[in-house]
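If you want the building blocks of each chain, they are given just below.
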Amino acid sequence: MNAPHDPYETTETHAERLLGRALNSFELPDSTVEQLESALAHSSALHSSHHSSTLHRSTYRHTFLLADGTALSLWELVHNSGRGGIEHHELYADEAEASLAASRLPVGFDGEWGVERFGVLSNDPDDELENDLEALTSLLSRPVPRQPRMYVPDNSADHARRVLRRAENADRPGEETARRLRVAFAHHITQAFGRHCPVEGRDAGFTLYEHAFLLLDGSEMSLWEVEHTATPDGRHMCEVYGDERAAREAMESRARVR
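Only a predicted model underlies this, so the values are computations on that prediction, with no experimental measurement involved.

## Concerning the pairing of strand 7 (residues 220-228)
Phase 1: Taken across its 9 residues, strand 7 has 8 buried, putting it largely inside the fold.
Phase 2: Relative to strand 8 (residues 237-241), strand 7 is paired through 5 bridges, and the arrangement is antiparallel. Bridge pairing in strand 8 links Val226 to Glu239.

## As for the nonpolar core
Phase 1: Phe193, Ala204, Phe206, Leu208, Trp224, Val226, Ala230, Tyr241, Ala247, Ala250, Met251 and Ala255 form the largest nonpolar core, which has 12 residues in total.
Phase 2: Elements with a minimum of two residues in this core: strand 6 (202-215), strand 7 and helix 7 (244-255).
Phase 3: Sorting elements by how many residues they give to this core places helix 7 first, with 4 residues.

## Thoughts on the pairing of strand 8
Phase 1: Burial within strand 8 is extensive, with 5 of its 5 residues counted as buried.
Phase 2: What you see with strand 8 is no split at all: Met237, Glu239 and Tyr241 on one side and Cys238 and Val240 on the other are buried throughout.

## Regarding the layout of surface pockets
Phase 1: The space that makes up the second largest pocket amounts to roughly 230 Å³.
Phase 2: Lining the second largest pocket are 15 residues, with Pro29, Thr32, Ala93, Asp154 and Asn155 positioned closest to its centre.
Phase 3: Looking at side-chain class alone, the lining of the second largest pocket contains 3 nonpolar, 7 polar and 5 charged residues.

## Things to note about empty space enclosed by the protein
The method is simple in principle: a probe with the dimensions of a water molecule rolls over the atoms, and the space it marks as empty is what remains.
Phase 1: Scanning all chains against the criterion turns up 2 cavities of 30 Å³ or more.
Phase 2: In this structure, the largest cavity spans a volume of roughly 40 Å³.
Phase 3: Residue lining of the largest cavity: Asn24, Glu27, Leu28, Leu91, Tyr92, Ala93, Glu97 and Arg162, and that is the complete set.
Phase 4: Grouping the constituent residues of the lining of the largest cavity by class yields 4 nonpolar, 1 polar and 3 charged.

## As for the pattern of salt bridges
Phase 1: Under the counting rule described, the total for this entry stands at 11 salt bridges.
Phase 2: Glu225 serves as the salt-bridge partner of Arg166, at 2.7 Å between the closest nitrogen and oxygen. Note that Arg166 is positioned in the loop between helix 5 (156-165) and helix 6 (175-181) and Glu225 in strand 7, a separation of 59 residues in sequence. The burial state of Arg166 is the same as that of Glu225; both residues are buried.

## Here we look at the confidence of the model for the protein
Phase 1: Averaged over the protein, the pLDDT score is 77; the fraction of residues at 70 or greater is 74%.
Phase 2: Between the elements of the protein, mean pLDDT differs from a low of 45, seen in helix 4 (residues 125-140), to a high of 96, seen in helix 6.
Phase 3: Low pLDDT, under 50, characterises residues 108-133; the stretch is placed with 46 contacts to residues that sit more than four places away or in other chains.
Phase 4: Counting contacts from residues 135-146, a segment whose pLDDT is below 50, to residues more than four positions away or on other chains yields 27 contacts.

## A closer look at a nonpolar patch on the surface
Phase 1: Taken together, the side chains of Val183, Phe185 and Leu216 make up a nonpolar region of the molecular surface, amounting to roughly 280 Å² of accessible area.
Phase 2: Within the secondary structure, Leu216 sits in the loop between strand 6 and strand 7.
Phase 3: For Leu216, a relative accessible area of 62% puts it in the exposed group.

## Regarding helix 7
Phase 1: Compared with the 16 Å implied by 1.5 Å per residue over 12 residues, the 17 Å span of helix 7 between its first and last C-alpha is a close match.
Phase 2: Within helix 7, the full set of buried residues consists of Glu244, Ala247, Arg248, Ala250, Met251 and Ala255. Considered in projection along helix 7, the buried side chains sweep an arc of 155° and stay on one side of the axis.
Phase 3: A side-chain oxygen of the first residue of helix 7 lies 3.2 Å from the backbone nitrogen of Arg245; this N-cap is Asp243.

## Observations regarding the side chain of Thr177
Phase 1: Note on placement: Thr177 falls in helix 6.
Phase 2: For Thr177, a relative accessible area of 16% corresponds to the buried category.

## Focus on helix 1 (residues 11-21)
Residues that lie three or four places apart on an α-helix share one face, since the helix turns once every 3.6 residues.
Phase 1: If you check which residues of helix 1 are buried, you get Thr11, His14, Ala15, Leu18 and Arg21. Buried residues in helix 1, looked at end-on, bunch into an arc of 150°, giving them a common side. Pointing more than 90 degrees away from the buried face of helix 1 are the exposed residues Glu12, Glu16 and Gly20.

## Considerations on the environment of Tyr151
Phase 1: With respect to the helices, strands and loops of the structure, Tyr151 is situated in the loop between helix 4 and helix 5.
Phase 2: Between the alpha carbons of Tyr151 and Leu214 there is a distance of 7.3 Å; along the sequence they are 63 residues apart.
Phase 3: Only 2.5 Å separates the side chain of Tyr151 from the side chain of Glu220, close enough to count as a polar contact.

Thresholds, definitions, all that
- Residues numbered from 1 in each chain as written.
- Predicted model: local features only at pLDDT ≥ 70, side-chain atom pairs only at ≥ 80, totals over all residues.
- Heavy atoms only, no water.
- Buried < 20%, exposed > 50% of the residue type's maximum accessible area, 1.4 Å probe, protein only.
- Helix = DSSP H or I, 4+ residues; strand = E, 2+ residues; numbered from the N terminus.
- Pairing = 2+ DSSP bridges.
- Core = buried A, V, L, I, M, F, W, Y, C linked by side-chain atoms within 4.5 Å.
- 1 Å grid on protein atoms, 1.4 Å probe; cavity = no way out; pocket = protein on both sides within 12 Å on 5 of 7 lines; lining within 4 Å.
- Points joined across faces, edges and corners; volume = space filled by probe spheres on them.
- Nonpolar A, V, L, I, M, F, W, Y, C, P; charged D, E, K, R; others polar.
- Salt bridge = Lys/Arg side-chain N within 4 Å of Asp/Glu carboxyl O.
- pLDDT = per-residue confidence, 0-100.
- Contact = heavy atoms within 4.5 Å.
- Patch = residues over 30% accessible without salt bridge, like charges linked within 9 Å, V, L, I, M, F, W, Y side chains within 5 Å.
- Areas by Shrake-Rupley, 256 points an atom, 1.4 Å probe, with all protein chains shown as cover.
- Expected span 1.5 Å × (residues − 1).
- Arc of directions from axis to C-beta.
- Polar contact = N/O pair within 3.5 Å; in protein donor to acceptor, adjacent residues only side chain to side chain.

Shown next as structure tokens:
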């Protein structure tokens with residue numbers, strides 16, 4: 001991994017370089033980007049790292065001193081899980097989101113994702129595909145074990161806005177859901193599902209997350225985010241649904257594309 005910063009660059013240049021190389025900089029809250037414009041000084045430090053024969057992953061904390069005397073931290077995830085082992089950079093406004101993103105990266109051997117492979121071996125590719133799809137269908141139908149939620153009050157309304165904004169499915173939750181989530185003041189993220197299966201002759205990854213929100217009136221509301229690579233070019237795609245059943249049916253539908 002390359003060094004996270006040049007010790008001789010200015011704070012303005014450092015901030016611009018962080019934003020410029022991050023694949024997901026458009027997901028940062030607008031307020032965070034505006035705050036960076038008043039940064040007077042900065043420091044960077046390695047927060048965590050993981051190295052294996054196939055994956056190199058590091059998380060850096062970049063702290064900025066702002067003109068009003070407060071401090072702002074950005075969390076940069078650097079990894080080589082892309083095609084050809086090319087180094088990628090991702091930037092997050094809070095540690096929890098950076099840790100969650102890091103947990104999604106492949107950690108297995110030979111570039112395989114660090115989630116369980118399933119299905120049984122067969123000499124017939126069609127049989128193997130059917131077995132994998134049957135296993136996927138069975139796993140998708142299992143309810144998520146309910147665990148106590150540890151709600152964190154951390155720009156939750158903005159987090160909800162960003163989840164909805166990155167959804168690419170036409171049937172994503174609409175304006176009514178977005179309006180209700182504007183009064184979210186705490187949230188909790190849970191990974192409910194993660195598997196790989198063959199789709200159209202290649203591996204595709206499926207991950208399901210529940211983003212649970214606590215609203216000002218004391219009620220709770222969830223968004224169900226499906227991340228998958230069952231796309232024509234194998235690119236990463238996000239879909240968001242208003243309930244768990246719809247999200248799981250969408251995963252099953254994507255997995256059955258021939």
